[in-house]
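A structural walkthrough
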Amino acid sequence: MLDFELLRAFVAVADCGGFHRAAEQLNLTQSTVSQQIKRLESETKRPLFRRTTRSVALTDDGEMLLGDARRLLQLEEAARHRLAAPRLSGSVRLGVVEEVAGGSLPSALGRFAALHPGVKLEVQIGVSAPLIEQLNAGRLDVVFAKRPLGTSKGRLVWRESLVWVAADTFDLVPGATLPLALYRERSVSREAALNALGDSDLAWEIMYTSPSLTGLRAAALAGLAITPLPASAVIAGLRVLGAAEGLPRLPDLEFALYEKTRPDKAAAALAAALLTLAHGPSRPTI
């Protein structure tokens, strides 16, 4: 039978696209993760990754194993929780950014609530920086947010592309001032967009601001402006813009889990449950 720790390392490398990021996610050294993958390849007698100096990609055998590995890890996680879950009580105050509040997050919270009916969940939707400040001030217990640029705090859950998007019908006129729709102040996506534009020669103007992803997406769909969104937030009616349209590349977003310094058992259990989203069958779809 395949070792679950080896499968967990395999899925992490596949999801993160490399050994360094997978090691960070698993709180292991890169050499340990590399050894685990070699052991798994030895046990399966199949090469699971194509490695170059610049990238790591799944082989055909790796693609076939990935789905089975995810299902086995989910079954193992569910069985372990059912058999060993402590009877917890109290309340946990969770702060999440809107980008992860949909998709697979509600189902993860539902599973947690079913396992721990004595724990009351209080969920607050907000923007990364204020949520992290509330955590540091003791007003939240766990925060699931975008990492502020240039920081490495929190436990990495996943990474995804930040992309420029506009309505399918939006006409980007070369040389014209670029109309922008951005979050209000102190947003990771806003800062990333303005930094990228600041390093370019493009003329731009903020035409629309919103405290929510829904508001930004509505502005883009209406053709009022272009906006930076996580790749998972691009929906029908929007198209991705990039270098072909003369726009600067945006940095990847990192979604991370933050906990208070001394979490109680209920908060620690919720954080552990949310970390499993990194191993889910797909990223949260917004």
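Values in this document were obtained by computation on a predicted structure and should not be read as measured data.

1. Topic: the packing of helix 6 (residues 105-115) against helix 10 (residues 265-275)
Interaxial distance between helix 6 and helix 10 falls to 10 Å at its minimum, and their mutual angle equals 140°. Considered as vectors, helix 6 and helix 10 are oriented oblique to each other. Seen from above, helix 6 lies across helix 10 with right-handed handedness. Counting all contacts with helix 6, which are made through L105, A108, L109 and F112, the residues of helix 10 involved are A266, A269, L270, A273 and L274. Split by residue class, the contact of helix 6 with helix 10 holds nine nonpolar, no polar and no charged.

2. Structural notes on the environment of W164
Relative to the assigned elements, W164 resides in strand 7 (residues 162-167). Through-space distance from the C-alpha of W164 to that of K45 is 42 Å; in sequence the pair is 119 residues apart. Not counting chain neighbours up to four residues away, the residues in contact with W164 comprise L180, A193, L197, I226, T227, P228, R239, V240, L241, L247, P248 and L250. Within the structure, the side chain of W164 is placed 2.8 Å from the backbone oxygen of P248, a separation counted as a polar contact.

3. Some words on the side chain of E160
Counting through the fold element by element, E160 comes out in strand 6 (residues 155-160). Since its relative accessible area comes to 10%, E160 is described here as buried. Within the structure, the side chain of E160 is placed 3.2 Å from the side chain of W158, a separation counted as a polar contact. Among the polar contacts listed, one links the side chain of E160 to the backbone nitrogen of S232, at a separation of 2.9 Å. The contacts of E160, once residues within four sequence positions are left out, are P230, A231, S232, D252, L253 and F255.

4. Notes on helix 9 (residues 213-221)
Within the span of helix 9, buried status applies to L213, G215, L216, R217, A219 and A220. Next to the buried residues of helix 9 lie helix 5 (98-101), strand 7, strand 8 (178-183), strand 9 (204-210), strand 10 (227-230) and strand 11 (238-241). Backbone geometry just after helix 9 places G223 at a positive phi near 80°.

5. Examining the packing of helix 2 (residues 19-26) against helix 3 (residues 30-44)
At a closest axis distance of 8 Å, the pairing of helix 2 and helix 3 adopts a crossing angle of 105°. One finds that helix 2 runs roughly perpendicular with respect to helix 3. Between helix 2 and helix 3, the residues in contact are F19, H20, A22, A23 and L26 and Q30, V33, S34 and I37, respectively. In the contact of helix 2 with helix 3, the residues fall into six nonpolar, three polar and no charged.

6. Quick notes on the sheet that holds strand 7
Within the open sheet, the three strands sit side by side as 10-7-11. Their pairing is antiparallel. The open sheet terminates on both sides in strands that have one partner only, identified here as strand 10 and strand 11. When the angles between neighbouring strand axes are averaged without regard to direction, this sheet yields 55°. Two elements, strand 7 and strand 11, share four bridges in a ladder whose sense is antiparallel. By the bridge assignment, A167 is partnered in strand 11 with L238. Running over the sheet, helix 8 (residues 188-198) touches strand 7 and strand 10 and is turned about 85° from strand 7. Contacts between helix 9 and the sheet are confined to strand 7, strand 10 and strand 11, with strand 10 contributing the most and set at about 125° to the helix.

7. Considering the UniProt feature "domain: HTH lysR-type" (unreviewed entry) in the protein
UniProt annotation of "domain: HTH lysR-type" (unreviewed entry) refers to residues 2-59 when read in the numbering used here. Between the end C-alpha atoms of residues 2-59 the distance is 18 Å, and the span holds 62% helix and 10% strand.

8. Structural notes on the sheet that holds strand 4 (residues 119-126)
Strand pairing within a sheet occurs via backbone hydrogen bonds; the two strands may be parallel or antiparallel. If you walk across this open sheet you meet the five strands as 4-3-5-12-6, and the pairing is mixed. The sheet is open, and its two edges are formed by strand 4 and strand 6, each paired on a single side. The mean angle between the axes of side-by-side strands here comes to 15°, regardless of whether they run parallel or antiparallel. Two elements, strand 3 (residues 90-97) and strand 5 (residues 142-146), share three bridges in a ladder whose sense is parallel. Bridge pairing in strand 5 links G95 to V143. Here helix 6 sits on the sheet in contact with strand 3, strand 4 and strand 5, set at roughly 165° to strand 4.

9. Points about the environment of D60
For D60, the position within the fold is in helix 4 (residues 60-84). Residue classification places D60 among the exposed positions, given a relative accessible area of 61%.

So, how was this worked out
- Residues numbered from 1 in each chain as written.
- Predicted model: local features only at pLDDT ≥ 70, side-chain atom pairs only at ≥ 80, totals over all residues.
- Heavy atoms only, no water.
- Axes fitted to C-alpha atoms, helices over the stretch in contact; angles between N-to-C directions.
- Helix = DSSP H or I, 4+ residues; strand = E, 2+ residues; numbered from the N terminus.
- Parallel < 35°, antiparallel > 145°, perpendicular 65-115°, else oblique.
- Left-handed = near helix turned anticlockwise from the far one by under 90°.
- Contact = heavy atoms within 4.5 Å.
- Nonpolar A, V, L, I, M, F, W, Y, C, P; charged D, E, K, R; others polar.
- Polar contact = N/O pair within 3.5 Å; in protein donor to acceptor, adjacent residues only side chain to side chain.
- Buried < 20%, exposed > 50% of the residue type's maximum accessible area, 1.4 Å probe, protein only.
- Pairing = 2+ DSSP bridges.
- UniProt positions renumbered as here; feature names shortened; annotations may be inferred.

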